[in-house]
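What follows is the residue order along each chain.
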Amino acid sequence: MNKQHFFGRRAYAASAGALVVAATVFLGLQGAPDESAWAANRDVEMHMGRVPVQNLDELNSTSDAVVVGRVVATGAVHFILPSGEQPHAFQPSAAPKDLPKDKVGAGKTPEISRLQPNIITPPAGMPVTDFTIEVSQVMRNGAGVAKGNRITVSQPGGVVQIPLGEGAPTLTRTMLAEHDALMVPGQEQVLFLQKATSGFVVTGGPDGRFKLDAKRTLQPVDEGSPVGQAHKGETIDGLQSKLNSKGVAGTGGD
Amino acid sequence: MSIRSLFRGRRRALGLAVVMLLATVVAPLSASAYYMGWPNGHWPYSGGGLHVHYSRGCAGTFYGAAGDAASGWTATPTPIWYDEVGSPPCNGGVYNGYVDIYSTYQPSVSWWGWAQAYTLHTVCDFWFFGCLSSHQVLDPSWNETYAAGQIMLNTAKANSGNYFLQVGDVTHEMGHILGLAHAGAYCGCGDPNSYYSIMDYLNWSYNRPRTYDINTINYLY
């Protein structure tokens, strides 16, 4: 065997081996799941139990101020956390007295461990977003609000991001309180407001928030809201005179 | 082919078309008669009892109401068991396989309770002819198989005179965690019969699952 022939064979073998390795690596990596599709932003409703506001009297009497304002900025998302008390000692509860016959004597299923280090969990608490509102008209004032003020109004919901680890995309979810779409910069609204620890919240959630249409008449944020339906299509002046007739102390007008 | 047999064939075809049309309209209605949740939103279930592990040790002044609400669901003629287990630290964490009830004091907000279900997604860390290493994430979702749930109750709404509403509130939130959406009735508005589900908005008429809710659960599971 001459030398040239020998090296030629080795070169062929090496090339073939490299090709096999490259093909194996290429094929092995095929079919890796694309996490970006499900991690991409998606709206998720948050379910909020509440007693709906029934009428304008209730809405008005539980509000500290009523304003017309434009959303000028979306602020930070923060989280309402549990009170952080010490948990009650666990005492297994007895079976209900009115348990159906076919459930009597049935056993419980075993618990799984709460320690699961391989699971990423979302941020603790309920997301809330702060919006900056520029007040264009004060319809009732019990909270020191004046025309031209910029106030902070907190609304349940917001964009939550959960990093999925190195090399993986970030999970994004826009959390929305049911029937209470997040405010959008540029929107002009009539807002019934309650003072909160910092800034304001909307009285009754969606019940206390009206959009203004092109004719500047009130459109409820939640079509199902009883108080929203009762005042749908009303003008700002019409609402103002109703608020004035309630006899609540306030400035009225601007 | 005689003209008579032709008409007979046409009549048969017409009859068949009417039957198919009716089936198209009626079948989805019957299938969704008790449906008010999300098409894929429920706990994994393979028959027998559905045991949902819940804790109420962090429910604050709703502690008693949470126990009564869980008993209310367990007492229904459905597969549902709300089985009480010990609580985690009261910090709002989400735990795979558990529904934890927390409480917070929020005097200025309108909501009494908040519920959120989570599904478990697997994220592949290293793939080579299959996933060789992975981790998981609890993703807030209502329309996938549930793996965990969280309820937060507003203790600013609790006082000695409204225990009835407290139980209704927790029963309502526990209904969401099982896969029930809002039924939608906002108020009796003069007609108490217009309420029909614990998944209506909170009211003083009832605080336990209704026939409508039981039928819905038996449809989902």
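What comes next is a walk through the structure. Model, not experiment: these values are computed from the prediction.

Re the overall build of chain B
Logical step 1: Counting its regular elements, chain B contains four helices and six strands.
Logical step 2: Of the regular secondary structure in chain B, the N- to C-terminal order runs α-β-α-β-β-β-β-β-α-α.
Logical step 3: Per-residue burial over chain B gives 49% buried out of 221 residues.

A short note on the overall build of chain A
Logical step 1: Counting its regular elements, chain A contains five helices and 10 strands.
Logical step 2: Against the 2.2 N^0.38 benchmark of 18 Å for 254 residues, chain A shows a C-alpha radius of gyration of 30 Å, more extended than a compact globule.
Logical step 3: Each principal axis of the C-alpha atoms in chain A carries an extent, and together these give about 110 × 60 × 35 Å.
Logical step 4: A burial count over chain A gives 29% of its 254 residues as buried.
Logical step 5: Taking the contacts inside chain A whose residues are at least 6 apart along the sequence as the reference set, 70% of them involve residues at least 24 apart.

Here's the deal with the interface of chain A and chain B
Many authors give the size of an interface as the accessible area that is lost as the parts come together.
Logical step 1: In this assembly, 64 residues from chain A lie in contact with 68 residues from chain B.
Logical step 2: Elements that contribute at least two residues to the side of chain A that touches chain B include exactly helix H1 (3-29), strand S1 (42-50), strand S3 (119-120), strand S6 (170-177) and strand S7 (188-195) of chain A.
Logical step 3: When residues of the side of chain A that touches chain B are assigned to their parent elements, the largest contribution, seven residues, is made by S1 of chain A.
Logical step 4: In terms of residue class, the side of chain A that touches chain B is made up of 33 nonpolar, 20 polar and 11 charged.

Points about the pairing of strand S1 (residues 50-58) of chain B
Residue and element names in this part refer to chain B.
Logical step 1: Of all nine residues in S1, eight are buried, a share of seventy percent or more.
Logical step 2: Relative to strand S2 (residues 80-84), S1 is paired through five bridges, and the arrangement is parallel. The residue of S2 that forms the bridge with His51 is Trp81.
Logical step 3: What joins S1 to S2 is helix H2 (residues 63-74), and the crossover it makes is right-handed.

Things to note about helix H5 (residues 236-245) of chain A
Because each turn of an α-helix spans 3.6 residues, side chains separated by three or four positions end up pointing in the same direction.
Residues and elements named next belong to chain A.
Logical step 1: For H5, the complete set of buried residues consists of Leu239, Gln240 and Leu243. The arc that holds every buried residue of H5, seen down its axis, measures 105°, which confines them to one face. Seen from the open side of H5, the exposed residues pointing more than 90 degrees away from its buried face are Asp237, Ser241 and Ser245.
Logical step 2: Considering only its buried residues, H5 is in contact with helix H3 (56-61), strand S2 (65-80), strand S4 (126-141), S7 and strand S10 (218-220).

Looking at helix H4 (residues 211-220) of chain B
Residues and elements named next belong to chain B.
Logical step 1: All buried positions along H4 are accounted for by Asp213, Thr216, Ile217 and Leu220. Here the buried residues of H4 occupy an arc of 100° about the axis, which is enough to place them on one side.
Logical step 2: Its buried side turned inward, H4 meets S2 and helix H3 (163-178).

Observations concerning the nonpolar core
Logical step 1: In terms of nonpolar packing, the biggest core is built from 94 residues, with Val67 and Val153 of chain A together with Ala66 of chain B touching the most fellow members.
Logical step 2: Those residues in contact with Val67 of chain A that lie beyond four places of it in its chain are Val135, Gln137, Val138, Met139, Val145, Leu191 and Leu193 of chain A.

Overview of the packing of H2 of chain B against H3 of chain B
All names here are of chain B.
Logical step 1: The N-to-C vectors of H2 and H3 enclose an angle of 55°; their axes lie 8 Å apart at closest approach. When the interaxial angle is binned, H2 and H3 end up oblique. The chirality of how H2 crosses H3 is right-handed. Residue-level inspection shows Ala65, Ala66, Asp68, Ala69, Ala70, Gly72 and Trp73 of H2 in contact with H3, the latter providing Tyr163, Gln166, Val167, Val170, Thr171 and Met174.
Logical step 2: In the contact of H2 with H3, the residues fall into nine nonpolar, three polar and one charged.

Here we look at the environment of Ala32 of chain A
Logical step 1: Among the structural elements, Ala32 of chain A can be located in the loop between H1 and helix H2 (36-39).
Logical step 2: The exposure class of Ala32 of chain A is partly exposed, given the 13 C-beta atoms found within 10 Å.
Logical step 3: When neighbours within four sequence positions are excluded, Ala32 of chain A is seen to be in contact with Cys124 and Trp127 of chain B.

What about the pairing of S1 of chain A?
Logical step 1: Pairing between S1 of chain A and S6 of chain A: five bridges, direction parallel. Bridge pairing in S6 of chain A links Arg42 of chain A to Arg173 of chain A.
Logical step 2: In terms of strand pairing, S1 of chain A meets strand S4 (residues 111-127) of chain B through four bridges, oriented antiparallel. Paired with Arg50 of chain A across the strands is Trp111 of chain B, a residue of S4 of chain B.

Each value, and the rule that gives it
- Every chain is numbered on its own, with residues counted from 1 as its sequence reads.
- Here the convention is simple: chains get letters from A, ligands get numbers from 1, in the order in which they are written.
- Local features in a predicted model are, by the rule used here, given only for residues with pLDDT of at least 70; side-chain atom pairs are given and counted only at 80 or more, and totals for whole chains, interfaces and linings are based on all residues.
- Strands here are runs of E lasting at least two residues and helices are runs of H or I lasting at least four, both read from the DSSP assignment and numbered beginning at the N terminus.
- Using C-beta atoms placed from the backbone, we call a residue buried if 20 or more other C-beta atoms fall within 10 Å of its own, exposed if 12 or fewer do, and partly exposed for counts in between.
- Just to be clear, the radius of gyration here is over C-alpha atoms, and the globule rule we use is 2.2 Å times residues to the power 0.38.
- A residue pair is marked as a contact if its C-beta atoms, positioned from the backbone, fall within 7 Å.
- Classification convention: Asp, Glu, Lys, Arg as charged; Ala, Val, Leu, Ile, Met, Phe, Trp, Tyr, Cys, Pro as nonpolar; all other residues, Gly among them, as polar.
- Each pair of strands is called paired provided DSSP finds at least two bridges between the two strands.
- Orient the strands so they point away from the viewer, and a crossover whose first-strand-to-second-strand path over the helix runs clockwise is right-handed.
- Note: the arc covers the axis-to-C-beta directions of the helix.
- The term nonpolar core refers to a set of buried Ala, Val, Leu, Ile, Met, Phe, Trp, Tyr and Cys residues connected through C-beta atoms within 7 Å.
- All axes here are fitted lines through C-alpha atoms, helices being fitted over the stretch that makes contact, and every angle between N-to-C directions spans 0 to 180 degrees.
- Orientation categories follow fixed angle ranges, with anything under 35 degrees roughly parallel, anything over 145 roughly antiparallel, 65 to 115 roughly perpendicular, and all other angles oblique.
- Take the far helix as the reference: if the near one is turned anticlockwise from it by less than a right angle, the crossing is left-handed, and if turned clockwise, right-handed.

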